[in-house]
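Reading the structure
Letter by letter, the chains look like this.
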Amino acid sequence: MENVVGDRVLIAVQAVNISRLSTHPVPTVPGTLIVVAGAGPKDSNGAGKSSFIASITALLGDEQWRFASGAKAVSELLFNAELASGAGARQWASADHGYIVGVFGPPGMDSFAPPPAPPEPVAAPALTLTEAGEEGEQDSGELFEVPDTSGGAITVWLKVNQEAPHLEIRWREGVHLAASPSEAERVARADEIWASLPRSAGKRDVVARDLTKVLYGDRVRCVSFLSTSVRSKVATNLLSQPLNEISPERVFEAIAALTGLDAELEQEREARRDEHAKRVRAAQAADRLAEFEVESKALLGTFDRRDQARVRLAEALRCWRGRQARKLADAAAKDELLAADLGRHRAAGESAAEEIALVKAEIATLREDTLDRQVSQARKELAALQARTTKLDADRAVAENSADELRAAIPALEETRRFADGRDVPAAEAELRQAGLRLNEALKALGVADQEVSSARAALDDAEGGPAAAQLDALSAAGVGATGLLDALDVAEQARDAALPGARLRGWPHEHAVIVDAARLGEAARALADLPGSVLVSAAGVSVVGAFDGVATGREARIKAAGQRLNRAEDAQESAAEVVREAEEAVAEAQRRLEGARAGVRLAELEARLAERRDRLVGLNAAIEELAPKVAEAERQAGALDFRARTRDMEIERLDGRRQRHESERAQAREQEAKVTAEREALRLDALAADWGGTVETAREWIAALPEEERPRAAEEWWRVAERHFDQALRDTFPEEDAEIPEELAFLLSERGGSTAREQATFAAVCGSLASYLRGQEEYEKHQRRQIEAQVVTRQRDLAAAARGAEEAAQSTAVHRAALTAAIKARLTRVAEEFEKLDTSYGGYGATLEFPVPPAPADPEQRWQWRVTPKWRRGEGQGFVPYNRRANTALMDEKAVKLVCAAAIASSGGGHLCLVLDELGRNLGKEHRREAVALFRRIGETYGITVIGALQDDMEPYAIDACGQYVKLRRSSDAMPYNEPPVIVGHDQHAERVRALAAYVDRGQPVSRPVELPV
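Residues numbered from 1 in each chain as written. Predicted model: local features only at pLDDT ≥ 70, side-chain atom pairs only at ≥ 80, totals over all residues. Heavy atoms only, no water.

**Thoughts on the overall build of the protein chain**
Our working rule: In DSSP terms, a helix is any run of H or I states spanning at least four residues, a strand is any run of E spanning at least two, and both are numbered starting from the N terminus. Three exposure classes are used, based on accessible area relative to the maximum for each residue type with a 1.4 Å probe and protein chains only: buried under 20%, partly exposed in between, and exposed over 50%. Two residues qualify as a contact provided that any one of their heavy atoms is within 4.5 Å of a heavy atom in the partner residue. Computed with a 1.4 Å probe, the accessible areas rest on the Shrake-Rupley method; for each residue, only the protein chains presented here act as cover.
Check the secondary structure of the protein chain and you find 24 helices and 21 strands. Counting every position in the protein chain, which comprises 1015 residues, the buried fraction comes to 43%. Of the contacts made within the protein chain by residues no fewer than 6 positions apart, 77% connect residues no fewer than 24 positions apart. Within the structure as shown, the protein chain displays about 52200 Å² of accessible surface, and the carbon and sulfur contribution to it stands at 51%.

Structure, rendered in structure tokens:
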């Protein structure tokens, strides 16, 4: 449902729990100036004027409240005990909800049935209300009866909540206001009426974001300048200070606030922010790529040096292996003599091995416990539950995204469906076919008309072409042979010099005479029926066809007749073309209706799918809630089993320490084997064989396979070459002096210093440590090489994507800015046109606005600042003068009022508009206030604008005489949290409506406390 209020206008307002306002209904006279004065404890301040007019702007959908964001600021209008009365905060409670009620009636509505008349007669112009009606009267909350509710008044209720949703909207045909003898009873009555009203959106109520669309069909019904106490955003008030003291930038801001351009300018700034962010991301991507290429180049150089180090280390190990082979071969002859002493030391080693076996068996026993299986099973169960929870969450997210996508598609389809005008697809298709048939018929008629124009134009050309040309063509078309009379005559040779007889033959009838066969004379006469004045010559005599419209003699008559025929043909052609254009427009309209009907079918499908997604979300939420306790229990069980497993692992670690001690004992026993005999210690044959990694025979074979130049090398020579290769490999691996060397390798290198023997003793170990380090780094380096290549490709792709995104954002911003520029220029042009109309209509010589298009700011955070310079003529025929030139105060005040009204009219879209102004006339000079306020009234009554202005004490004497309605809010003491009944003076052509409302306001009031409502 959209545009519930329609063309109705606001005729009454009631506030319940809104600021300190009284709950008495306040009538409003549409299409005039309504001034709101105040009488507080000391002056006009504190009577609630700003809250009263702010509640009206909320009721009329003023976008300053940001309804799309929930209109949270409206909740600040609720009654606050601490603000309403300092001491009263301990006696009164702040309201958690309240109501803003508006009665809307059709313009000119005067068919209300008032309640029973009061016992005393009503004297004009004041209506004194002393009684509430007859005893036993049933209080239904109705103001007056409306016989025809379909076209009569409608009451709209806005419920204002402290908590979200901050606004809820309901309505009902007729007039439904809260009526009771006291403030408290009216508050309670308001809750009862709200509960009795039907929900506005089926099972729920319409909320803030849909207020303007549902109530007013997205039409602007209200523009305002409000004070800072009741508005989150403050625009420049053109009436708050002399107009020539306001900069062109602030003039534009004020017009933008009145015409709704603020949101569009904010969207343009957001587009510039997005463009700037994407350009920054593109620059950062380029910097990251360059930085990464520099870093990766240094890293790849390190990897290349380590590859060289691996080659040199392999050569060092080969040389070391040659030394070991040489030493083993030299000591092989003595090795057989040392085997006898090995038995004892082997026995010790075997005993240690037995102990090691016992410890290993005990460790195996601990590890064979079923605890591992229990832990594994518990973890599997926990993982399964967590995976199920994750899947449900993912399914819910997918369902929510799908629902969001469906909801996003609905507005566009609803917008397209409006073109169907209630037609279904078959009806729309049938209309399209009928329109196509009508277009084809029109095109055929146009073709006939075009052919007739061509024929008439050819006839005109023939008439202008020569003697009897038209007659000969007509006879030829009818198939009758003919010859022009002048063409058939030959003058005798001897007569050519005698007075040129041929010249005497020119003109009618000779010029239009044709010679035909006497047998076809009748047929020729019929063929020349459309050429009056034609002469037929035959053996039967001379015959003249038809009659002249005028004097049909000569070439001019034939040209005139052909011209008349051409004019008639062209008129017929133009009529046929107009029919074709109308048929084409009908076809286009039928096509739009067909598209709207198809959009309605698609919308129904989307709504069905959306309902299915919602049911799916309900099921998924229930499954997730059911699974949560099971996951918690599985986590608890898995934690307990993990603790038991850690305790068992600590025991295994202790036994493993015993095993390592026994292994150490076995190693020591083996060392003792080497020390048994001095010869074995001197030869170190076992160590050499272990270092070599093979037998003496394999060592000898290895030496025999060497090249000729290496085969004679001694062990020391092999050692020097190995040491040289190792040093180079170490420098290649760690080129910097402060390079971080692994702890084990650093220890071995520190142990090598001091003597050659120590270097040789640790050589194998240090080579093994370095080789281990290089092996460990090899896979990492290969992976890093692949990662670097992948990263370069990825970063290049990211850079390209970022650059493309920045370019697209720039194009989008440019398109958006161009569209916004056109919209702003159109809106300001409309304001300028209305400014011109108002100025010339009310005593001026013409006014306009100058608004050059400013360049977009480079700073994405800076607002696109436009400048509007009002100009007007100071005399008839003079040029426009800028507003900031010196001028008298009255002229400035007059132009400011006209400019505000022009902006309001431009934003109304042709419908009824309410202009709400706070601190009306605060800046107006004393000598000009009455004229400026009267100008507001005249403009409002002329253009159907209801101007509502709150004013201070010093403006009241000037506004009372000039306004169309006067409302005074009263509160006599700071100890009173609520206002007293308002005083209202109104001028309305529908007196019965005002009297009925007056009686309703006084319903249930005691006789001793009358309320006056002058009319």
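There's more to say after this.
**Considering the packing of aromatic side chains**
Condition: Only Phe, Tyr and Trp rings take part, Trp by its six-membered ring, and two of them pair if their centres are within 6.5 Å. Stacked means planes under 30 degrees apart, edge-to-face means over 60, and tilted covers everything else. By definition, being over a ring means that NZ of Lys or CZ of Arg is both within 6 Å of the ring centre and within 35 degrees of the ring normal.
A complete count under the given rule lists 6 aromatic pairs for this structure. Summarising the aromatic geometry, the rings of Trp-702 and Trp-718 are spaced 6.1 Å apart at their centres and angled 55 degrees between planes, so their arrangement reads as tilted. Linking Trp-702 in helix α17 (residues 696–704) with Trp-718 in helix α18 (residues 715–733), this pair joins segments that are 16 residues apart in sequence. Its relative accessible area of 1% is what places Trp-718 among the buried residues. Ring pairs connect the aromatic residues Tyr-99, Trp-157 and Trp-194, which therefore count as one cluster. The aromatic ring of Trp-718 is capped on one face by Arg-713, whose charged end is 4.8 Å from the ring centroid.

**Some words on the pattern of salt bridges**
Any two side chains of opposite charge can pair if their charged atoms end up close together. For clarity, the cut-off: By definition here, a salt bridge exists when the distance from a side-chain nitrogen of Lys or Arg to a carboxyl oxygen of Asp or Glu is within 4 Å.
With the rule as written, the count across this model stands at 31 salt bridges. Taking the shortest distance from any N to any O, the salt bridge between Arg-209 and Asp-210 comes out at 4.0 Å. Here Asp-642 and Arg-379 are joined by a salt bridge, their closest N and O atoms 2.7 Å apart. Remark: Arg-379 occurs in helix α8 (residues 371–417) and Asp-642 occurs in helix α14 (residues 554–675); sequence separation between them is 263 residues.

**Thoughts on the pairing of strand β9 (residues 222–225)**
Heads up, the rule is: At least two DSSP bridges between two strands are required for those strands to pair.
Burial along β9 is two-sided: Cys-222 and Ser-224 facing one way and Val-223 and Phe-225 facing the other are all buried. Summarising the sheet, β9 and strand β17 (residues 913–917) pair through 4 bridges and their orientation is parallel. Considered in β17, the bridge of Cys-222 is made with Cys-914.

**A word on the pairing of strand β4 (residues 97–105)**
Counting buried positions along β4 yields 9 of 9 residues, so the element is predominantly enclosed. Burial along β4 is two-sided: His-97, Tyr-99, Val-101, Val-103 and Gly-105 facing one way and Gly-98, Ile-100, Gly-102 and Phe-104 facing the other are all buried. Across 7 bridges, the pairing between strand β1 (residues 9–16) and β4 is antiparallel. Within β4, the residue paired with Leu-10 across the bridge is Phe-104.

**Focus: the side chain of Ser-55**
Selection rule: Any N or O atom pair separated by 3.5 Å or less is treated as a polar contact, with the protein-specific requirement of one donor-capable and one acceptor-capable atom, and with residues adjacent in sequence counted only for side-chain atom pairs.
By the secondary structure assignment, Ser-55 is in helix α1 (residues 49–59). In this structure the side chain of Ser-55 is engaged in a polar contact, spanning 2.6 Å, whose partner is the backbone oxygen of Phe-52. When neighbours within four sequence positions are excluded, Ser-55 is seen to be in contact with Ile-18, Leu-77 and Ile-100.

**Some remarks on the packing of α18 against helix α19 (residues 743–752)**
Pairs of packed helices are described in terms of their axes, by the angle between the two and the distance that separates them. In plain terms, the rule: Angles run from 0 to 180 degrees between N-to-C directions of axes, and those axes are lines fitted to C-alpha atoms, restricted for helices to the stretch in contact. Oblique is the label for every angle not falling under 35 degrees (roughly parallel), over 145 degrees (roughly antiparallel), or within 65 to 115 degrees (roughly perpendicular). Handedness of each helix crossing follows the sense of rotation of the near helix against the far helix: counterclockwise by less than a right angle gives left-handed, clockwise gives right-handed. Three categories are distinguished: nonpolar for Ala, Val, Leu, Ile, Met, Phe, Trp, Tyr, Cys and Pro, charged for Asp, Glu, Lys and Arg, and polar for the others, with Gly belonging to the last.
At a minimum axis separation of 15 Å, α18 and α19 run at an interaxial angle of 140 degrees. Overall, the two elements α18 and α19 adopt an arrangement that is oblique. Note that α18 runs across α19; the crossing there is left-handed. Contact residues: Trp-719, Glu-723, Phe-726 and Leu-730 in α18; Leu-745, Leu-749 and Arg-752 in α19. In the contact of α18 with α19, the residues fall into 5 nonpolar, no polar and 2 charged.

**Here we look at the sheet that holds strand β6 (residues 154–161)**
The strand order across the open sheet formed by 6 strands is β2-β1-β4-β6-β7-β8, and the pairing between neighbours is antiparallel. The open sheet has two edge strands with one neighbour each: β2 (26–27) and β8 (206–207). Strands in contact with α1 are β1, β2, β4 and β6; relative to β4, the strand with the most contacts, it is inclined by about 70 degrees. Sheet strands in contact with helix α3 (residues 183–196) are β1, β4, β6 and β7 (167–173), and its direction is about 80 degrees off that of β7.

**Overview of helix α16 (residues 685–692)**
An α-helical segment advances 3.6 residues per turn. Residues three or four places apart therefore align on the same side. The condition is simple: Summarising the geometry, the arc corresponds to the directions from the helix axis toward the C-beta atoms.
Burial in α16 covers these residues: Leu-685, Leu-688 and Trp-692. An end-on view of α16 places all buried positions within 65 degrees of arc, on one side of the element.

**Focus on the sheet that holds strand β13 (residues 541–545)**
Pairing is mixed across the open sheet formed by 4 strands, whose spatial order is β10-β11-β12-β13. Only two strands of the sheet have a single partner each, and these edge strands are β10 (482–484) and β13. The sheet shows a mean angle of 30 degrees between the axes of neighbouring strands, taken without regard to direction. Sheet topology note: the strand β12 (residues 534–538)/β13 ladder contains 5 bridges and is antiparallel.

**Topic: the nonpolar core**
Selection rule: Only buried residues count toward a nonpolar core, which is a set of Ala, Val, Leu, Ile, Met, Phe, Trp, Tyr and Cys residues joined through side-chain atoms within 4.5 Å.
If you look at the biggest cluster of nonpolar residues, it comprises 54 residues, and the most contacted ones within it are Ile-255, Leu-849, Leu-915 and Phe-936. Of the residues forming this core, the biggest block, 9 residues, is contributed by helix α21 (residues 889–908). Counting residues in each nonpolar core, the second largest holds 49 residues, with Ile-56, Leu-167, Val-214 and Ile-984 among its members.

**Considerations on the environment of Gln-796**
Topologically, Gln-796 is positioned in helix α20 (residues 756–841). The class of Gln-796 is partly exposed, set by a relative accessible area of 40%. When the C-alpha positions of Gln-796 and Arg-288 are compared, they lie 9.8 Å apart, and in sequence the two are 508 residues distant.

**Some remarks on a negative patch on the surface**
Where we set the bar: Patch membership is restricted to residues that have no salt bridge and whose relative accessible area is over 30%. Joining uses 9 Å for like charges and 5 Å for the nonpolar side chains Val, Leu, Ile, Met, Phe, Trp and Tyr. In this tally, Asp and Glu contribute negative charge and Lys and Arg positive charge; neither His nor the terminal groups of the chain are included. To locate a charge, the coordinates of NZ of Lys, CZ of Arg, CG of Asp or CD of Glu are taken.
A surface patch of like charges, here negative, comprises Glu-350, Glu-354, Glu-355 and Glu-665. At 3 residues, the largest contribution of residues to the negative patch is made by helix α7 (residues 342–367). Note on placement: Glu-350 falls in helix α7. Assessed through its relative accessible area of 52%, Glu-350 is described here as exposed.

**Observations regarding unusual backbone geometry**
Cis geometry is adopted by the peptide bond preceding Pro-165, which originates at Ala-164 and carries an omega value of -5 degrees. Tracing the sequence through the fold places Pro-165 in the loop between β6 and β7. Unlike most non-glycine residues, Asn-17 shows phi in positive territory, near 65 degrees. Structurally, the position occupied by Asn-17 is in the loop between β1 and β2. According to the relative accessible area criterion, Asn-17 is buried, its value standing at 11%. Even without glycine at this site, Ala-71 takes up a positive phi of about 55 degrees. The topology assignment puts Ala-71 in the loop between α1 and α2 (81–84).

**What to know about the side chain of Arg-323**
Structurally, Arg-323 is set in helix α6 (residues 262–331). One buried charged side chain, Arg-323, makes no salt bridge at all; its nearest oppositely charged neighbour is Glu-716, positioned 4.8 Å away.

**Considerations on the environment of Ile-741**
Relative to the helices and strands, Ile-741 resides in the loop between α18 and α19. Accessibility expressed as a relative area gives 32% for Ile-741, which makes it partly exposed. Between the C-alpha atom of Ile-741 and that of Leu-770, which follows or precedes it by 29 residues, the distance is 9.7 Å.

**Describing the confidence of the model for the protein chain**
The cut-off we apply is this: A residue's pLDDT is the predictor's confidence in that residue, given on a scale from 0 to 100.
Chain-level statistics for the protein chain give a pLDDT mean of 75 and a share of 78% at 70 or above. Across the protein chain, the element-wise mean pLDDT spans from 27 in strand β5 (residues 128–129) up to 93 in β6. With pLDDT under 50 throughout, residues 548–553 is counted as low confidence; its partners more than four residues away or in other chains account for 10 contacts. Across residues 1003–1015, confidence stays below pLDDT 50; counting only partners more than four residues off in sequence or on other chains, it has 37 contacts.

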